Amino acid sequence: MAKELQGTEGRVFEEYLSEDDIKGIVSEVAQRITADYEGRNPLFICVLNGAYIYAADLYRAIPIRSEITFVRLKSYEGTSTTGHVELVTPLREDIKGRDVVLIEDIVDTGTTMHYFKQMLCEMGAKSVAVTAFLFKPEALLYPDAEPEYVGKSIPRKFVLGYGLDYDGYGRNIPAVYALKD
Ligand code: 5GP
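Notes on the structure in this doc start here. These figures come from a predicted structure and were not determined experimentally.

Let's shift gears to the site of the ligand. Around the ligand, 15 residues are found, and the nearest of them are Thr109, Gly110, Thr112, Val159 and Asp165. For the ligand, an oxygen atom lies 2.9 Å from a polar atom in the backbone of Asp108. Starting from 510 Å² of accessible surface for the ligand in isolation, the protein chains cover 79%. Here the ligand occupies the largest pocket. Of all the secondary structure elements, the ones that give two or more residues to the shell around the ligand are strand E6 (99–107) and helix H3 (111–122). Here the element with the most residues in the shell around the ligand is E6; it accounts for 4 residues.

So, in structure tokens, the structure goes:
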């Protein structure tokens, strides 16, 4: 029988990716990034909070000369003229001329990555690519936000665990669980 978790208000989550599935996925993505970025001294940028566990596993599996840093982003709905995403903590690294790889937990509508990629290009990055542990292609609104390095494409389901939260909780669950219909 599938492993299940009980959420609030009678919600039930069912195991979707096991710890072994996750290890396999991370190792495959790491090999692809390693092959593409060897000799390019990339700067990895982990988008907090959700991506920190994926970033920790992924980064340790990429044995090339590189740096990693962390950002926290604030998203706006609606009326802002400066874009829909703002850096809550400033980026200390000079990204001019750098090959940047964004590490994201999940790309859903792609809004966050669309605006953040745009911001990094305006700051002078030489290239900006995205790796997302999970990707919901059916929800994507911005084609340019399709991640170059996808761990796994999933249907439009709410998922938690492996860094992803449910109202702030569940990030420490080592497997990924999906909300049952
Ligand atoms: P986007 O800007 O692509 O619509 O949204 C990306 C962000 O939404 C992710 O970084 C994540 O914080 C949140 N998100 C989207 N789908 C899910 C999901 O299924 N589970 C959780 N926990 N967060 C999600």
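For the rest of this paragraph, the subject is unusual backbone geometry. Here the residue pair Leu48 and Asn49 is connected by a cis peptide bond, since its omega of 0° sits within 30 degrees of zero. Here Asn41, not a glycine, exhibits a phi torsion of approximately 45°, which is positive. Classification of Asn41 by relative accessible area gives partly exposed; the value is 25%. One non-glycine residue with positive phi stands out, namely Tyr162, at about 50°. Position of Tyr162 among the secondary structure elements: in the loop between strand E9 (159–160) and strand E10 (176–179). Here Tyr162 falls in the buried class, since its relative accessible area comes to 6%.

We now examine the packing of helix H1 (residues 19–37) against helix H2 (residues 52–60). Contact geometry for H1 and H2: axes closest at 9 Å, N-to-C directions at 55°. Here H1 lies oblique to H2, going by the angle between them. Crossing hand, H1 versus H2: right-handed. Between H1 and H2, the residues in contact are Val26, Val29, Ala30 and Ile33 and Tyr54, Asp57 and Leu58, respectively. When grouped by side-chain class, the residues that make up the contact of H1 with H2 number 6 nonpolar, no polar and 1 charged.

What follows deals with the sheet that holds E10. Sheet architecture is open: 4 strands sit in the order E1-E2-E10-E9, paired in antiparallel fashion. Two strands lie at the open edges of the sheet, namely strand E1 (4–6) and E9, each paired on one side alone. Across the sheet, H1 lies against strand E2 (12–17) and E10, angled at about 45° from E2, the strand it touches most.

With the rule as written, the count across this model stands at 8 aromatic pairs. Taking 4.9 Å as the distance between ring centres and 50° as the angle between the ring planes, the aromatic pair formed by Phe133 and Tyr162 counts as tilted. With Phe133 in strand E7 (residues 127–135) and Tyr162 in the loop between E9 and E10, this residue pair connects regions lying 29 residues apart in the sequence. For the residue pair Phe133 and Tyr162, the accessibility class agrees, reading buried in each case. Counting every residue linked through ring pairs, the aromatic cluster contains Phe13, Phe158 and Tyr166. The side chain of Arg40 reaches across the aromatic face of Tyr37, ending 4.2 Å from its centre.

Cut-off values and rules
- Residues numbered from 1 in each chain as written.
- Predicted model: local features only at pLDDT ≥ 70, side-chain atom pairs only at ≥ 80, totals over all residues.
- Heavy atoms only, no water.
- Near = heavy atom within 4 Å.
- Polar contact = N/O pair within 3.5 Å; in protein donor to acceptor, adjacent residues only side chain to side chain.
- Areas by Shrake-Rupley, 256 points an atom, 1.4 Å probe, with all protein chains shown as cover.
- 1 Å grid on protein atoms, 1.4 Å probe; cavity = no way out; pocket = protein on both sides within 12 Å on 5 of 7 lines; lining within 4 Å.
- Sits in = over half its atoms within 2 Å of the grid points.
- Helix = DSSP H or I, 4+ residues; strand = E, 2+ residues; numbered from the N terminus.
- Buried < 20%, exposed > 50% of the residue type's maximum accessible area, 1.4 Å probe, protein only.
- Axes fitted to C-alpha atoms, helices over the stretch in contact; angles between N-to-C directions.
- Parallel < 35°, antiparallel > 145°, perpendicular 65-115°, else oblique.
- Left-handed = near helix turned anticlockwise from the far one by under 90°.
- Contact = heavy atoms within 4.5 Å.
- Nonpolar A, V, L, I, M, F, W, Y, C, P; charged D, E, K, R; others polar.
- Pairing = 2+ DSSP bridges.
- Phe/Tyr/Trp six-rings, centres within 6.5 Å; stacked < 30°, edge-to-face > 60°.
- Lys NZ or Arg CZ within 6 Å of the ring centre and 35° of its normal.

Remember that the coordinates give geometry; whether it matters functionally is a separate question.
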